[in-house]
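# Per-entry structural report
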Amino acid sequence: MRRLQPALWALLVAATGWVMGSVELTQALMTTAGGRFETASGLRSSAFLVSFGLSKAASNLVVGWLADRAGRRTAMAVGWLAGAAVAPMIHFAQTWEVVVASDVLLGIQQSFCWSAGIFAMLDLLGPSRRGLAIGLLETLGYIAIAAS
């Protein structure tokens, strides 16, 4: 099982990056001319980016503590639970505020899943290969975002 762990974590990181890229692209397309929610002001159109950043920043303060107390899997599960509602919320959104709320959940999902992936990769490769661990994680994640 230990030999499968790097592949499983790589898959989880790729899935996290794919979700991030897909949702952000969907939200961007929804706000362009002809989209479901054309936005008239720069402030309103950037609300989902700000909500994502603030929720991810706040979640980052919690995820490390949770991962140390309850484990990496628990932190990852919390992230995926937070993110489970994102796609249905966007799909059925009737107001812009629902789209922004979905981005708050996406920020939480990304914080917990991405950070848990970092912790796990560091655990797998050890302290002497921290640079490689972070480099692999970032590479896989951004390839997934680009592919989405």
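Because the structure is predicted, anything quoted here is derived from the model rather than measured. (Residues numbered from 1 in each chain as written. Predicted model: local features only at pLDDT ≥ 70, side-chain atom pairs only at ≥ 80, totals over all residues. Heavy atoms only, no water.)

## Things to note about the overall build of the protein
- Per the secondary structure count, the protein includes seven helices and zero strands.
- Along the protein, from the amino end to the carboxyl end, the secondary structure elements read α-α-α-α-α-α-α.
- Each of the 148 residues in the protein was classed as buried or not, and the buried ones make up 38%.
- For the protein, the accessible surface area stands at approximately 8,100 Å², while carbon and sulfur atoms represent 70% of it. (Helix = DSSP H or I, 4+ residues; strand = E, 2+ residues; numbered from the N terminus. Buried < 20%, exposed > 50% of the residue type's maximum accessible area, 1.4 Å probe, protein only. Areas by Shrake-Rupley, 256 points an atom, 1.4 Å probe, with all protein chains shown as cover.)

## Focus on the pattern of salt bridges
- In the structure shown here, the tally under the stated rule is two salt bridges.
- Asp 68 is the partner of Arg 72 in a salt bridge, and the nearest nitrogen-oxygen pair spans 3.3 Å.
- We classify Asp 68 as exposed; its relative accessible area is 64%.
- Here Asp 123 and Arg 72 are joined by a salt bridge, their closest N and O atoms 2.9 Å apart. In this pair, Asp 123 is assigned in helix 6 (residues 96-125) and Arg 72 in helix 4 (residues 72-83), connecting sequence segments 51 residues apart.
- For Asp 123, a relative accessible area of 44% gives the class partly exposed.
- Residues participating in the shared-partner salt-bridge network are Asp 68, Arg 72 and Asp 123. (Salt bridge = Lys/Arg side-chain N within 4 Å of Asp/Glu carboxyl O.)

## Comments concerning a nonpolar patch on the surface
- On the surface, Leu 61, Val 62 and Trp 65 cluster together into a nonpolar patch covering about 350 Å² of accessible area.
- With respect to the secondary-structure elements, Trp 65 resides in helix 3 (residues 47-70). (Patch = residues over 30% accessible without salt bridge, like charges linked within 9 Å, V, L, I, M, F, W, Y side chains within 5 Å.)

## Quick word on the packing of helix 6 against helix 7 (residues 130-147)
- Where helix 6 contacts helix 7, the two axes come as close as 9 Å, and the packing angle between them is 140 degrees. In terms of orientation, helix 6 lies oblique with respect to helix 7. Seen along the crossing, helix 6 lies across helix 7 with a hand that is right-handed. Taking contact as the criterion, the partners of Trp 114, Gly 117, Ile 118, Met 121, Leu 122 and Leu 125 in helix 6 are, on helix 7, Arg 130, Leu 132, Ala 133, Ile 134, Leu 136, Leu 137, Glu 138 and Gly 141.
- Split by residue class, the contact of helix 6 with helix 7 holds ten nonpolar, two polar and two charged. (Axes fitted to C-alpha atoms, helices over the stretch in contact; angles between N-to-C directions. Parallel < 35°, antiparallel > 145°, perpendicular 65-115°, else oblique. Left-handed = near helix turned anticlockwise from the far one by under 90°. Contact = heavy atoms within 4.5 Å. Nonpolar A, V, L, I, M, F, W, Y, C, P; charged D, E, K, R; others polar.)

That is the geometry; function is a separate question.
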